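# A structural walkthrough
One-letter residues, chain by chain:
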2 protein chains.
Amino acid sequence: MVDASAEPSKSALKKAEKQAKMAADKAAKAAKQATLPVVGGKKTDDIIGITVSKAENFSGWYQEVVLKAEMIEYYNEISGFFILRPSSMYIWNTIRKWFQERIEALDVEEASFPMFLSSKSLEKEKDHVEGFAPELAWVTKAGDKDLEVPVAVRPTSEAVMYPYYSKWIRSHRDLPLRLNQWNSVVRWEAKQTTPFLRAREFLWQEGHTAHLTEELAGEEVLQILELYAGVYEQLLAVPVVRGRKTEKEKFAGGYYTTTVEGYIPSNGRGIQGATSHCLGQNFSKMFDITVEDPAPKAGEKARHIHVWQNSWGLSTRVIGVMVMIHGDDKGLVLPPRISKLQVVIIPVGINKSTTPEDKAKHYDQLQELKETLKKAGVRADYDIRDGYTPAWKFNDWELKGVPLRLEYGPKDAAKSVVSFARRDTGEKGTIAIADISTEIPALLEKIQSDMYTKAEAAFRAHRIVITKWEDVVPALDAKNVVLIPHCLAEKCEDKVKDLTTSKQDEPEVAGEMKAPSMGMKSLCVPFEQPEGLVKGETKCLNPECGALAEKWCMFGRSY
Amino acid sequence: MVDASAEPSKSALKKAEKQAKMAADKAAKAAKQATLPVVGGKKTDDIIGITVSKAENFSGWYQEVVLKAEMIEYYNEISGFFILRPSSMYIWNTIRKWFQERIEALDVEEASFPMFLSSKSLEKEKDHVEGFAPELAWVTKAGDKDLEVPVAVRPTSEAVMYPYYSKWIRSHRDLPLRLNQWNSVVRWEAKQTTPFLRAREFLWQEGHTAHLTEELAGEEVLQILELYAGVYEQLLAVPVVRGRKTEKEKFAGGYYTTTVEGYIPSNGRGIQGATSHCLGQNFSKMFDITVEDPAPKAGEKARHIHVWQNSWGLSTRVIGVMVMIHGDDKGLVLPPRISKLQVVIIPVGINKSTTPEDKAKHYDQLQELKETLKKAGVRADYDIRDGYTPAWKFNDWELKGVPLRLEYGPKDAAKSVVSFARRDTGEKGTIAIADISTEIPALLEKIQSDMYTKAEAAFRAHRIVITKWEDVVPALDAKNVVLIPHCLAEKCEDKVKDLTTSKQDEPEVAGEMKAPSMGMKSLCVPFEQPEGLVKGETKCLNPECGALAEKWCMFGRSY
């Protein structure tokens, strides 16, 4: 799940780490100032917004946003770990519920396997263990006693689960077996960690299924991939490209990997969204998962056939992608469908000359507005904290990404309207109070779809079909991902990466690691192929390759 | 959560372990036979039921039930770990949903903290670390490199979370802070493990909250305890006694512990159900969690006060308690509210002389029955597996504990009725098809309440008020827990345990560890106290004590 293949140069990495640390320290300091207690009812109008520009220092901006919007906290005790605070968990639980309902409809059942695996079962699938070995966390002691055999914390659960698939699957009647678990896994990354995107422990779901035939397994691979696309597109308002990973980039030990790939406009990088793997019969052969052929050939004895397996996972990475795409210099921008608070109502025009009676009456009206919205299915609340100006509150809720702000003052009351401000566009207007039950749900849906449309247009505009090699690097430099005719050979991919990597260590630009130093790698072979590739005729775009192109392949600098 | 204080003698333990292993092997063998594939459509009427009597060999019976009913699987790779299969996870998720809704109503928010803790933060609270140190699993290596500082897998998260409570709580406005997480924890028990009851890893929820005053904290402790009682009583049909743990039995490092205590009639043992702790200011002092006093005394400067903290947890242990209480020699008996399948419909009277048309028509009627029940909110399905007799299917669903079986054959169809059989009592009858939408939901609720009533009566009958010391051991031997006047001193509790422990190694009785070898320990001081204890007059029942009794205390042999 967590992509382990972006490899900036070592010195660039060090630089980036130092900068990230500085940005985090700065953000932490700012956050501390921002939430100083209000003493003695004094107004506090400290700047609580984001202090780094998204355009100028994207990684610094990102770290400040997730920290100040109270999505994450750095776990100082052990590096590479993060605390997910309630606003993140709300999003994750919304996704969980949405996805869980849909896999239940596919008869996927929930299970819970232990978090540890023995080295013995791990070693059964060689390619698989090689893929994960460098990142395994080993428990070697319990209390003050050494364990006879050390155990590893699961990086993924194939090797934990499949010995039992072998035990439980005895007949074709036991197929399909479809189990899913929601848990956390540990991959002790040596590389720089980033909240949500690359963490040493992350939350995910992992589905593991077994089928009688390749066809049945393949059908499910795509059903699940479509659900992953749905999480991005329908909940997070994030566009993705569906496709298949190349041999080089597929899951270690699997047969083939399908993926949804995202795109971060700010730096032009691709990002793996979620993957649905067909494992083929590789694991069933290693773990001896067989059934008797239910339809043996005439005259032949029924033979044992190895089952076809899939595994598929979606992690909290999705939250990071969403933040990167929608956020702006004021902070987080949340799509309404996944925002715990969709509408915040802020009283305005209440001041020292307002009588206590008028204030109380006005607050009663806020309560009525809230209740009307709740009845209409809108997650709404008001902010009547004393000691803060409306402007301070506007900033605070903008930072936290609440999709819609309603302002309500005596002037609005006189006209029986509320004023609104959209978080995504800043657009303002008024709505008659009589209409809020219908207008506000509709407006929230419009915000949701506008956010998607905007992001989709950005991705579409930066997915460039390239047919001349010399156009590749300039396209990457212009923050595009590229579609090129490619032979799909692993060696050629290595070469392409090499050819697009700047050799010299570039100077810093605006405090960021200079992106062009990174070579491009294949993101996926999109299911939706551009026109113009003639099989047996079109050549692989790599000038040093010479082979024929198999497919249009999407390449890019990436996470 | 997982009670770590039952201590049978060493030889008894070894014997019990050996017997448990034998029972498990036998059960595994039986399970294997039971699920042999049906080859060539032949009828398979192997005995699939439980082979051990609950009355004669309780622990063997329990292990066979949880294995054969497909609730758990032993994780052979690492001892002391168990796999929770879908039928267990359904129950756990039902509990989770029920509890989550209710804590959300209390404004408890969800968070996710890392699974590892550094030794540094662990060492802050001395009593706490001493309590958990022998059971900590230590990660010392990542990949092939030794970690500079080893990290432990959380046994509970006080030491993981509270450094951040110190950071996040700056003002009394930040109180109460209430966070909960659903996760798994690891306690590397040296003692014998048992599915659900005592495992080296278990699922639970852990709530951690901070309040301004002792009173506010104490209020929440009881609100949560009442929810835990609700999980047992309302969902699992298991009666519990609410009370407070003695000083000896309270949470390590806490202020006081409240508990719900259950009772297993088969062996007369008490079992801790779930605990809600007030931590007092112990942890807030160690982790420096303070706020400025919002109501300083007149003329005095506002001083910093340490917050009052609670922690509370409910684990998958609840499932084991439920199995032990309701199960019988046919297998699992599930309360309808937590059973994934509430009603199974089995066609009867379909045989070789039935025409294909009649069979198809009959199966269409099964589908109609199922749909009618689903519309009435009943989780129903039919079993039309070919190659199994109705009797085999009856056994299979009884083993799995489905609360209500409906039998439906041509004779029932002719009378427009369905026949039913209750899993809990075996009671049979018929219901007019026209009435099933109302009668069956009502019958399920009756089963739920009858199961509770029966278990409640058993617990009540075996909770004996004792006022003579010489009555204690005979009462324990008659499978009771006892209520005795007690001084509540830790030393006296040790003595009571000692005095009630048989010194000699008793001979085996019916293949089980002879229960009387175990001494009794305090379960709780029930909130609901019997009459008759005169403060300053009634003496502690321990004949070697001599101090005055403080309260009626519930003692028993226990898990």
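Residues numbered from 1 in each chain as written. Chains lettered and ligands numbered in written order. Predicted model: local features only at pLDDT ≥ 70, side-chain atom pairs only at ≥ 80, totals over all residues. Heavy atoms only, no water.

With that out of the way, let us pick up the nonpolar core. With 86 residues, the main nonpolar core has Phe116 of chain A together with Phe116 of chain B as its most contacted residues. Those residues in contact with Phe116 of chain B that lie beyond four places of it in its chain are Tyr75, Ile78, Phe81, Val153, Val186 and Trp188 of chain A together with Val139, Val151, Ala152, Val153 and Val160 of chain B. (Core = buried A, V, L, I, M, F, W, Y, C linked by side-chain atoms within 4.5 Å. Buried < 20%, exposed > 50% of the residue type's maximum accessible area, 1.4 Å probe, protein only. Contact = heavy atoms within 4.5 Å.)

Next up on the list: the packing of aromatic side chains. Counted by the stated rule, this structure contains 46 aromatic pairs over all chains. When the centroid spacing of 6.1 Å and the interplanar angle of 70 degrees are considered together, the rings of Phe99 of chain A and Trp312 of chain A count as edge-to-face. Residue Phe99 of chain A is found in helix 3 (residues 86-105), and its partner Trp312 of chain A is found in strand 14 (residues 308-315); the two are separated by 213 residues along the sequence. Accessibility expressed as a relative area gives 0% for Phe99 of chain A, which makes it buried. When its relative accessible area of 2% is taken as the criterion, Trp312 of chain A is described as buried. In textbook terms, an aromatic cluster arises when at least three aromatic residues are bridged by ring pairs, as seen for Tyr75 of chain A together with Phe113, Tyr162, Tyr164, Tyr165, Trp168, Phe283 and Phe287 of chain B. For Lys370 of chain A, the ring lying beneath its charged end belongs to Tyr382 of chain A, and the centroid distance is 5.1 Å. (Phe/Tyr/Trp six-rings, centres within 6.5 Å; stacked < 30°, edge-to-face > 60°. Helix = DSSP H or I, 4+ residues; strand = E, 2+ residues; numbered from the N terminus. Lys NZ or Arg CZ within 6 Å of the ring centre and 35° of its normal.)

Residues annotated in UniProt with the feature "domain: Aminoacyl-transfer RNA synthetases class-II family profile" (unreviewed entry) correspond here to residues 91-335 of chain A. When the span residues 91-335 of chain A is considered, its composition is 30% helix and 33% strand, and the gap between its end C-alpha atoms is 10 Å. (UniProt positions renumbered as here; feature names shortened; annotations may be inferred.)

To continue, consider helix 7 (residues 214-235) of chain B. For helix 7 of chain B, spanning 22 residues, the distance from its first C-alpha to its last is 31 Å, which sits close to the expected 32 Å at 1.5 Å a residue. Phi turns positive, to about 55 degrees, at Ala237 of chain B, one or two residues after helix 7 of chain B. (Expected span 1.5 Å × (residues − 1).)

Before going further, it helps to examine the sheet that holds strand 7 (residues 177-186) of chain A. Strands pair in a sheet through their backbones, by hydrogen bonds, and they do so in one of two ways: parallel or antiparallel. Residues and elements named next belong to chain A. Strand order in the open sheet made by the eleven strands is 3-7-8-14-11-10-9-22-23-21-20, with mixed pairing throughout. A single partner strand is all that each edge strand has here, and the edge strands are strand 3 (109-110) and strand 20 (463-465). Two strands pair when backbone bridges link them, and strand 7 and strand 8 (residues 201-211) are joined in this way by ten bridges, in the antiparallel orientation. Across the sheet, Val185 pairs through a bridge with Phe202, a residue of strand 8. Across the face of the sheet, helix 6 (residues 158-168) comes into contact with strand 7, strand 8, strand 11 (269-280) and strand 14 while running at roughly 160 degrees to strand 7. Seen against the sheet, helix 7 (residues 214-235) touches strand 7, strand 8, strand 9 (241-244), strand 10 (256-264), strand 11 and strand 14 and runs at an angle of roughly 155 degrees to strand 11. (Pairing = 2+ DSSP bridges. Axes fitted to C-alpha atoms, helices over the stretch in contact; angles between N-to-C directions.)

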